[in-house]
Amino acid sequence: MHSLLGAPLVHDGRLLGVVHVGSLHRREFTDAEVVTLVRAAEPIAHTLASNSSIAENALATALQRTLIPETPPRVAGLELAGRYVPADGKLGGDWYDVLVLPDQRVGLVIGDVAGHGLEAAVVMGRLRSALRAYALEHADPAVVLGLLDTKLHAFEEAAMATVLYAVTEPPFTEVRMSSAGHLAPLLAAHGDRALELAVEPDPPLGVDPSVGRRTHRVVWPSRSALCLFTDGLVERRPPPGGEGVDQLDGGVRRVLDTFAYEPADVACARVLDAALSDLSVVQDDIALLVARPSHGAR
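Residues numbered from 1 in each chain as written. Predicted model: local features only at pLDDT ≥ 70, side-chain atom pairs only at ≥ 80, totals over all residues. Heavy atoms only, no water.

Engineer: An account of the overall build of the protein chain is requested, with residue identities and associated values reported.
Structural biologist: The helix and strand inventory of the protein chain stands at 5 helices and 12 strands. The contacts in the protein chain between residues at least 6 apart in sequence include a share of 66% that link residues at least 24 apart. Total accessible area on the protein chain is roughly 15000 Å²; 55% of this is exposed by carbon and sulfur atoms. (Helix = DSSP H or I, 4+ residues; strand = E, 2+ residues; numbered from the N terminus. Contact = heavy atoms within 4.5 Å. Areas by Shrake-Rupley, 256 points an atom, 1.4 Å probe, with all protein chains shown as cover.)

Structure, rendered in structure tokens:
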């Protein structure tokens, strides 16, 4: 190869590679040939980006399946159910987790890593593993989230996440929880409207590792259910001419007001059905975790 001409493969401002053409004898490429190669590079870059996106989504899907349990672990005296629904065409960093800890403690986790795709899924996996490790060593949810924030700043540059971590134990009459910028859980009790728990959030992870974090003690009334969720459940763009968020919130709330009466798995399915019933496209991924004491546990 004596003469070589190259054109960059660029998609959305990102350099994917370079396409080359060469000659077995020495020659000068004309301006017309340069233009032809540059034009040829555009569809090649688009195809490469599309294939890369498909492969990345497949990897993210596989990673999510290994990290998000289809069925939470069995815990004596506690009914648990969880769901994860990816956004159409792109996975995100939402997750839920249930930790069976020493001394009969049970940890409930709901979190949302900013961003989408493989990068968000990888950060989610690392946060999930680190939180599990810290939870084994520390009983205070605020301490666990503080350590997780320090870890995020040290090893995940520019990443940010909201996480709520709650701990309870038999007879499941109280929950201790700390929120790193995450939505407060909802509590549905028999005969009452579902209420947002008074858990004031501290800053999200990745903002300021020196911030003080707080643990809130919340009474868990008899015959009631907790609902932990990410913002995809309650936030979406309104349809043309409609009040989307209000309509969705109304449908979900009607279910939440009654789901304390139902098994956790049924309640979880009904909440999702209400949230997704009038959506043609899921614009943000959703993680959902429902917990309620078993009949006779108290």
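Engineer: Quick one: what's the story with the nonpolar core, residue by residue and with numbers?
Structural biologist: Core analysis: the biggest nonpolar cluster contains 25 residues, and Leu108 and Trp220 have the highest contact counts within it. Ignoring anything within four residues of it in the chain, the contact list for Leu108 reads Leu80, Asp97, Val98, Leu164, Tyr165, Ala166, Leu228, Leu289 and Ala291. Membership of the second largest hydrophobic core comes to 23 residues, among which are Leu99, Val113, Leu131 and Leu152. (Core = buried A, V, L, I, M, F, W, Y, C linked by side-chain atoms within 4.5 Å. Buried < 20%, exposed > 50% of the residue type's maximum accessible area, 1.4 Å probe, protein only.)

Engineer: Please provide a residue-by-residue account of the pattern of salt bridges, values included.
Structural biologist: Using the criterion set out here, one finds 12 salt bridges in the structure. Of the charged contacts, one joins Arg126 and Glu156 as a salt bridge, the two residues approaching to 3.1 Å between their closest N and O atoms. Of the two residues, Arg126 sits in helix 2 (residues 117-137) while Glu156 sits in the loop between helix 3 (141-155) and strand 6 (161-168), which places them 30 residues apart along the sequence. By relative accessible area, which is 42% here, Arg126 ends up partly exposed. On the basis of relative accessibility, which here comes to 9%, the residue Glu156 falls in the buried class. Residue Arg214 is joined to Glu200 by a salt bridge in which the shortest nitrogen-to-oxygen separation is 3.5 Å. Of this pair, Arg214 sits in the loop between strand 9 (195-196) and strand 10 (216-219) while Glu200 sits in the loop between strand 9 and strand 10; the two residues are 14 residues apart in sequence, bridging distant segments of the chain. (Salt bridge = Lys/Arg side-chain N within 4 Å of Asp/Glu carboxyl O.)

Engineer: Quick rundown of helix 3? Include the residues and the values.
Structural biologist: Residues lying three or four places apart along an α-helix face the same way, a consequence of the helix completing one turn every 3.6 residues. With 15 residues, helix 3 should cover 21 Å at 1.5 Å per step; its first-to-last C-alpha distance of 21 Å lies within 8% of that length. Within the sequence span of helix 3, burial applies to Pro141, Ala142, Val144, Leu145, Leu148, Asp149, Lys151 and Leu152. Among the structural elements, helix 2, strand 6 and strand 7 (174-180) are those in contact with the buried residues of helix 3. Backbone nitrogen of Ala142 and a side-chain oxygen of the N-cap are separated by 3.0 Å at the start of helix 3; the cap is Asp140. (Expected span 1.5 Å × (residues − 1). Polar contact = N/O pair within 3.5 Å; in protein donor to acceptor, adjacent residues only side chain to side chain.)

Engineer: Could you give an account of the environment of Ala41, with specific residues and numbers?
Structural biologist: Secondary-structure assignment places Ala41 in helix 1 (residues 31-67). Judged by its relative accessible area of 2%, Ala41 is buried. For the pair Ala41 and Ala7, spaced 34 residues apart in the sequence, the C-alpha separation amounts to 6.6 Å. Leave out the neighbours within four places in its chain, and Ala41 touches Ala7, Pro8, Leu9 and Val19.

Engineer: Help me get a handle on the packing of helix 2 against helix 3, residues and values and all.
Structural biologist: The geometry of helix 2 relative to helix 3 is characterised by a closest axis approach of 9 Å and an angle of 140 degrees between their N-to-C directions. As the angle between them shows, helix 2 and helix 3 are arranged oblique. Judged by the twist between their axes, the crossing of helix 2 over helix 3 is right-handed. The residues of helix 3 that touch helix 2, namely those facing Val123, Arg126, Leu127, Ala130, Leu131, Tyr134 and Ala135, are Val144, Leu145, Leu147, Leu148, Lys151 and Leu152. (Axes fitted to C-alpha atoms, helices over the stretch in contact; angles between N-to-C directions. Parallel < 35°, antiparallel > 145°, perpendicular 65-115°, else oblique. Left-handed = near helix turned anticlockwise from the far one by under 90°.)

Engineer: Before we move on, could you go through unusual backbone geometry and cite the residues and values that matter?
Structural biologist: Following Pro170, the chain continues into Pro171 via a peptide bond in cis, with omega recorded as 5 degrees. Structurally, Pro171 is set in the loop between strand 6 and strand 7. Residue Gln104 is not a glycine yet carries a positive backbone phi of 65 degrees. Within the secondary structure, Gln104 sits in the loop between strand 4 (92-100) and strand 5 (106-116). Phi angles above zero are rare outside glycine, and Phe172 is one such case at about 60 degrees. Along the chain, the position of Phe172 falls in the loop between strand 6 and strand 7. We classify Phe172 as buried; its relative accessible area is 2%.

Engineer: Before we move on, can you summarise a nonpolar patch on the surface with the specific residues and values?
Structural biologist: A cluster of nonpolar side chains, Met1, Leu4 and Leu24, forms an exposed patch at the surface whose accessible area comes to about 400 Å². You can see Met1 is positioned in the segment before strand 1 (3-11). (Patch = residues over 30% accessible without salt bridge, like charges linked within 9 Å, V, L, I, M, F, W, Y side chains within 5 Å.)

Engineer: An account of the sheet that holds strand 3 (residues 78-85) is requested, with residue identities and associated values reported.
Structural biologist: Read from one edge of the open sheet, 5 strands run 3-12-11-8-9, paired in antiparallel fashion. Both edges of this open sheet fall to strand 3 and strand 9, since each of them pairs with a single strand only. As paired strands, strand 8 (residues 186-189) and strand 11 (residues 224-229) are joined by 4 bridges and run antiparallel to one another. Across the sheet, Leu186 pairs through a bridge with Cys227, a residue of strand 11. Along the sheet, helix 5 (residues 264-276) makes contact with strand 3 and strand 12 (286-293), crossing strand 3 at roughly 30 degrees. (Pairing = 2+ DSSP bridges.)

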